[in-house]
Amino acid sequence: MNVPRYLPFLDGPALVAPRMKPINEADWLPPHKGEAEWLQEKRSLLTHQADQVFAIHDWAEDAATSAAGQVTKHLNQFRPDLPELEAGLSLKDVSQYVSDDLCVMVNRDGLYCLGAAILCAPTFWALVDKAGKPLGGLHEEVPGGDPELASRISRIFSNLPQNAILERFNWTVQLGPERFTPSSGPMKARLREMEPEAAARELYLRVERQTIRKLDDGSSVLFTIRILIDPLPPLLERADHRTAFEESWNRT
């Protein structure tokens, strides 16, 4: 079995609190197994369900243009597997060349607000409910959150050096391999109808890789989210993986 690149449960339970580390730019938006298939699905979502996966506010247009330019420049420099991208692509256009969702956080009077976003792989939240909101509004319903979480993330955004890229991971378990999951309702309904043994065979590890970097305006931040899905049962065939997973899950 090919072991996935990212297995964050080996490092402990999933945490809502930010736990970020710097990475090199070459490692920012790398290719991954299954990327071509996901990009095809992503383009379909942007074409047929754009109102659910794309949002932009007038006050975020400049920041969104800056984000698109930053991603384009990076892909042309570090992704030789992709065609050369022309300058001036929109955020929506350039997002179709990367697995990651792209969220532009704009500083408005000291509050970072979700001004523009491509969100094709939401983990149980809907863009239509969150677009335009400040950090506090984005995290108000997150399990395990705390009242100071938005303030802590805001400080990280404000103090982020211009050329730095920070990375963190989150993870959970879900039923089935879907990436576009704006609600947990359908999954919970299916689970209620399944025997535990049958459900266990259909569990998948959902890894959320997040990065942040400042945009050229020096205040807005590009927040990227990459979702990676792998069947869970094969991963737990290894005794060390099974032990680490059980310990992490029980501490979540």
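First, a word on scope: everything that follows refers to the structure included in this document. Everything quoted here is computed from the prediction, not taken from an experiment.

**Description of the pairing of strand 7 (residues 221-231)**
When you tally the buried positions in strand 7, you get ten out of eleven residues, the bulk of the element. Sheet topology note: the strand 3 (residues 101-108)/strand 7 ladder contains five bridges and is antiparallel. Note that in strand 7 the partner of C103 across the bridge is F223. Strand direction decides the pairing type here: strand 6 (residues 203-214) and strand 7, joined by eleven bridges, are antiparallel. Residue R206 lies in a different strand from strand 7, and its bridge partner there is I229. Where strand 6 hands over to strand 7, the hairpin turn is made up of six residues, of which G218 adopts a positive phi near 80 degrees.

**Observations concerning the nonpolar core**
Of all hydrophobic cores here, the largest spans 54 residues; its most connected members are V71, L91, V104 and M105. Beyond its immediate stretch of four places on either side in the chain, M105 contacts Y112, C113, L114, L135, L138, F157, S220, V221 and F223. Listed in part, the 14 residues of the second largest apolar core include L7, L228, A244 and F245.

**Examining helix 7 (residues 149-159)**
Think of an α-helix as turning once every 3.6 residues; residues three or four places apart then point the same way. Within the sequence span of helix 7, burial applies to L149, A150, I153, S154 and F157. Looking down the long axis of helix 7, one finds its buried residues gathered within 130 degrees of arc, a one-sided arrangement.

**Points about the environment of S158**
Within the secondary structure, S158 sits in helix 7. Each C-alpha atom of the pair S158 and Y112 lies 9.2 Å from the other, and the pair is 46 residues apart in sequence. In this structure, S158 is in contact with Y112 and K214, ignoring residues within four places of it in sequence.

**A word on a negative patch on the surface**
On the surface, a cluster of negative charge is made up of D58, E61, D62, D216 and D217. For D216, a relative accessible area of 60% translates into the label exposed.

**Points about the state of the cysteines**
In total, this model carries zero disulfides according to the counting rule given. Of all cysteine sulfurs in the structure, the one in C103 sits closest to C120, which takes part in no disulfide; the separation is 10 Å. Residue classification places C120 among the buried positions, given a relative accessible area of 0%.

Cut-offs applied
Residues numbered from 1 in each chain as written. Predicted model: local features only at pLDDT ≥ 70, side-chain atom pairs only at ≥ 80, totals over all residues. Heavy atoms only, no water. Buried < 20%, exposed > 50% of the residue type's maximum accessible area, 1.4 Å probe, protein only. Helix = DSSP H or I, 4+ residues; strand = E, 2+ residues; numbered from the N terminus. Pairing = 2+ DSSP bridges. Core = buried A, V, L, I, M, F, W, Y, C linked by side-chain atoms within 4.5 Å. Contact = heavy atoms within 4.5 Å. Arc of directions from axis to C-beta. Patch = residues over 30% accessible without salt bridge, like charges linked within 9 Å, V, L, I, M, F, W, Y side chains within 5 Å. Areas by Shrake-Rupley, 256 points an atom, 1.4 Å probe, with all protein chains shown as cover. Salt bridge = Lys/Arg side-chain N within 4 Å of Asp/Glu carboxyl O. Lys, Arg positive; Asp, Glu negative; His and termini not counted. Charge placed at Lys NZ, Arg CZ, Asp CG, Glu CD. Disulfide = S-S within 2.5 Å.

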